[in-house]
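# Coordinate analysis (summary)
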Amino acid sequence: MKFKKLLTYLTITLLNIGVVPSASSEPTSGPITIVNIRPYGGSNVVYLNGSNPPGSFCSSSWYSIDISSNGGKAIFSVALTALATGKSVQLEIAGCGAGPAGSNLLQSIYILN
C-alpha cells in the first residue's frame, strides 16, 4: 500500500511540475509508449522497452538508464510514472548504441500530454 501511495504522489508531482520538451541536439524519438521496465540486480543499469517498431529509432526499441547518477534516477522516476499512467514519452539518447551491451543510453525523457 505504501508503494502505491508513493507512486501516486510521484505521478502527481511530476505531472504538476510540467515536464515539458525542450530543444535537443541528440537523437530524439517521436511519441513512444513504455511497454516494460527491467531493472537488473547488482547493476546500475535499468532497461526500458518502448512501443516503437524496431528500426524506427536507432534500430531498436530497447533503451538503458544509468541509475548511478542523480540524472539517471530522475529519468527512471519519470519512466516509471509514464508506465504507471500510460502516458507517451519522448526520448533523447546520448547516441545510437552508446549504452551497455549496445543499447541506446537515455539522456533525457519527457512525458507528453
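Preceding this section is the structure that the text describes.
These lines cover the structure that appears in this document, whether it is placed above or below.

Definitions and cut-offs
Residues numbered from 1 in each chain as written. Predicted model: local features only at pLDDT ≥ 70, side-chain atom pairs only at ≥ 80, totals over all residues. Heavy atoms only, no water. Helix = DSSP H or I, 4+ residues; strand = E, 2+ residues; numbered from the N terminus. Buried < 20%, exposed > 50% of the residue type's maximum accessible area, 1.4 Å probe, protein only. Contact = heavy atoms within 4.5 Å. Areas by Shrake-Rupley, 256 points an atom, 1.4 Å probe, with all protein chains shown as cover. Pairing = 2+ DSSP bridges. Phe/Tyr/Trp six-rings, centres within 6.5 Å; stacked < 30°, edge-to-face > 60°. Core = buried A, V, L, I, M, F, W, Y, C linked by side-chain atoms within 4.5 Å. Axes fitted to C-alpha atoms, helices over the stretch in contact; angles between N-to-C directions.

### Here's the deal with the overall build of the protein
Along its length, the protein carries two helices and five strands. When its helices and strands are written in sequence order, the protein yields α-β-β-β-α-β-β. Within the protein, the fraction of its 113 residues that count as buried is 36%. A fraction of 53% describes how many contacts in the protein between residues 6 or more apart in sequence connect residues 24 or more apart. Roughly 6300 Å² of accessible area belongs to the protein as shown, and the carbon and sulfur atoms make up 58% of that amount.

### Some points on the pairing of strand β2 (residues 45-50)
The buried fraction of β2 amounts to six of the six residues, a majority that puts the element mostly inside the structure. Residues V45, Y47 and N49 of β2 are buried on one face, and the alternating residues V46, L48 and G50, pointing to the opposite face, are buried as well. The pairing of strand β1 (residues 32-39) with β2 spans five bridges and is antiparallel. When the sheet's bridge partners are listed, I34 is paired in β2 with G50.

### Points about the side chain of S29
As for its position among the elements, S29 is in the loop between α1 (2-16) and β1. When sequence neighbours within four positions are dropped, the list of residues in contact with S29 reads F57, V89, Q90 and L91.

### Describing the packing of aromatic side chains
Applying the stated criterion across every chain, the model contains one aromatic pair. For the pair Y40 and Y47, a centre-to-centre distance of 5.3 Å together with 80 degrees between the ring planes defines the contact as edge-to-face.

### Section: the nonpolar core
Counting residues in each nonpolar core, the largest one holds 18 residues, and the members touching the most others are I34, L48, Y63, V89, L91, L106 and I109. If you list the elements that add at least two residues to this core, you get β1, β2, β3 (62-66), α2 (70-85), β4 (88-93) and β5 (104-111). Here this core takes four residues from α2, the largest share from any one element. With sequence-adjacent residues up to four places away left out, L106 is seen in contact with L48, Y63, S64, I65, I75, L91, E92 and I93.

### A look at the sheet that holds β4
Remark on secondary structure: sheet strands pair via backbone hydrogen bonds, oriented parallel or antiparallel. In space, the five strands of this closed barrel follow the order β1-β2-β3-β5-β4, with mixed pairing throughout. Strand-to-strand twist across the sheet, computed as the mean angle between neighbouring axes with direction ignored, equals 50 degrees. Taken strand by strand, α2 contacts β1, β2, β3, β4 and β5, and its axis lies near 55 degrees from that of β5.

### So, the environment of S60
For S60, the location among the structural elements is in the loop between β2 and β3. Judged by relative accessible area, S60 falls into the buried class, the value being 18%. Placed 36 residues apart in sequence, S60 and C96 show a C-alpha to C-alpha distance of 8.9 Å.

### Comments concerning the pairing of β4
Among the six residues that make up β4, five are buried, leaving the element largely enclosed by the rest of the structure. The pairing of β1 with β4 spans two bridges and is antiparallel. Note on β4: the bridge partner recorded for T33 is S88. Sheet analysis places β4 next to β5, joined by five bridges and oriented antiparallel. The residue bridging L91 from the neighbouring strand is I109, located in β5.

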